[in-house]
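Given next are the chains, with one letter for each unit.
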Amino acid sequence: MFVGHYAASLALKSFEKRASLGILFLAVQFVDILFFPFVLLGIERMNVVENFTQSTHFELEYMPYTHSLLAGVLWAALAYTLFRWVFVKNGSVAIVIALAVFSHWLFDLPVHTPDLPLWSDASPKLGFGLWNNAVATYILEAGLLLLALWMYLRSTKAATAAGKYGMSVFVAVLLLVNISNLFGAPMGDSKPALAIAALSSYFLFAAVAFWLDRKRS
Ligand SMILES: [Zn+2]
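So, how was this worked out
Residues numbered from 1 in each chain as written. Predicted model: local features only at pLDDT ≥ 70, side-chain atom pairs only at ≥ 80, totals over all residues. Heavy atoms only, no water. Donors = N, O, S within 2.8 Å, 3.2 Å for Na, K, Ca; no water. Tetrahedral: all angles 85-135°; square planar, octahedral: opposite > 155°, others 65-115°. Helix = DSSP H or I, 4+ residues; strand = E, 2+ residues; numbered from the N terminus. Contact = heavy atoms within 4.5 Å. 1 Å grid on protein atoms, 1.4 Å probe; cavity = no way out; pocket = protein on both sides within 12 Å on 5 of 7 lines; lining within 4 Å. Points joined across faces, edges and corners; volume = space filled by probe spheres on them. Nonpolar A, V, L, I, M, F, W, Y, C, P; charged D, E, K, R; others polar.

Novice: Help me understand the coordination of the zinc ion, please; the structure alone is not making it clear to me.
Specialist: Looking at the zinc ion, the protein donor atoms are Asp32 (OD), His67 (NE2), His104 (NE2) and Asp108 (OD), and they sit 2.1 to 2.5 Å from it. Coordination at the zinc ion is irregular, judged from the 4 donor atoms that bind it and the angles of 78 to 166° they form at the metal. Along the chain, the residues donating to the zinc ion are arranged with the sequence spacing D-x34-H-x36-H-x3-D. Of this pair, His67 sits in helix α4 (residues 64-67) while His104 sits in helix α6 (residues 91-111), and the two are 37 residues apart along the sequence.

Novice: Honestly, the environment of Phe203 in this entry has me stumped. Any pointers?
Specialist: Mapped onto the secondary structure, Phe203 falls in helix α9 (residues 191-213). Phe203 sits 151 residues away from Phe52 along the chain, and the two C-alpha atoms are 27 Å apart. With residues near it in sequence (within four places) discarded, Phe203 still touches Leu26 and Ile33.

Novice: I'm lost on the layout of surface pockets in this one. Help?
Specialist: The method is simple in principle: a probe with the dimensions of a water molecule rolls over the atoms, and the space it marks as empty is what remains. Roughly 670 Å³ of internal volume is contained in the largest pocket. Along the walls of the largest pocket sit 32 residues, with Phe2, Phe36, Phe58, Asn181 and Leu194 positioned nearest its centre. Looking at the lining of the largest pocket, the elements that each hand over two or more residues are α3 (30-41), β1 (45-48), β2 (58-62), α8 (161-183) and α9. The dominant element in the lining of the largest pocket, judged by the number of residues it contributes, is α9, at 6 residues. A class-by-class count of the residues in the lining of the largest pocket yields 19 nonpolar, 10 polar and 3 charged. The computed volume of the second largest pocket comes to approximately 230 Å³. In terms of lining residues, the second largest pocket is bounded by 14 residues, among which Ile23, Leu26, Ala27, Phe30 and Phe83 are the most central. When contributions to the lining of the second largest pocket are tallied by element, the ones reaching two or more residues are α2 (21-28), α3, α5 (69-85) and α6. No other element matches α5, which puts 5 residues into the lining of the second largest pocket. Its residues assigned to classes, the lining of the second largest pocket shows 14 nonpolar, no polar and no charged.

In short, geometric facts, not functional conclusions.
The following block contains the structure:
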């Protein structure tokens, strides 16, 4: 799952206004932000396989440190610890950011093929395989995102014109990006290029979310 992960960011923000939306955007993609460098370093493995599913062109071969259920819990615990005692030092903010980190695994579960290990690469692997149906994947991600956008808009107030329309326009852009992501041609088989594209979109989207969120109160 790609843009659908941001549904968790927007929904969690509507429950805890003190959490930064920019941080929540990074938190939901945190394990993917680790995954791409881990692949380049040889710690985890993926192979570029054209049309591996109807909507993806890679086989996720080995990723116990970022995409196992156990890893999701441990990274979430680390996020809780950091935001409880080091950065924001607020228990409720720390819980929301930890939930955002953990949500990645839950949101990946319906779309991935069975490549999400429970605790290690030798453990059972889960994934309901919705990626094999690109239209269904798109509808699921769009539905989650629109529902979360509605929750976010209901729970915050626009301070400026950018605040009034900005987040809806941004979500529309994310939905457009996801069309080319799910239905577009494969990006090629360069893993560094794939990593740069993914990481730059994660950080760019987080920066936009951070900026737009400041226009609402
Ligand atoms: Zn992932």
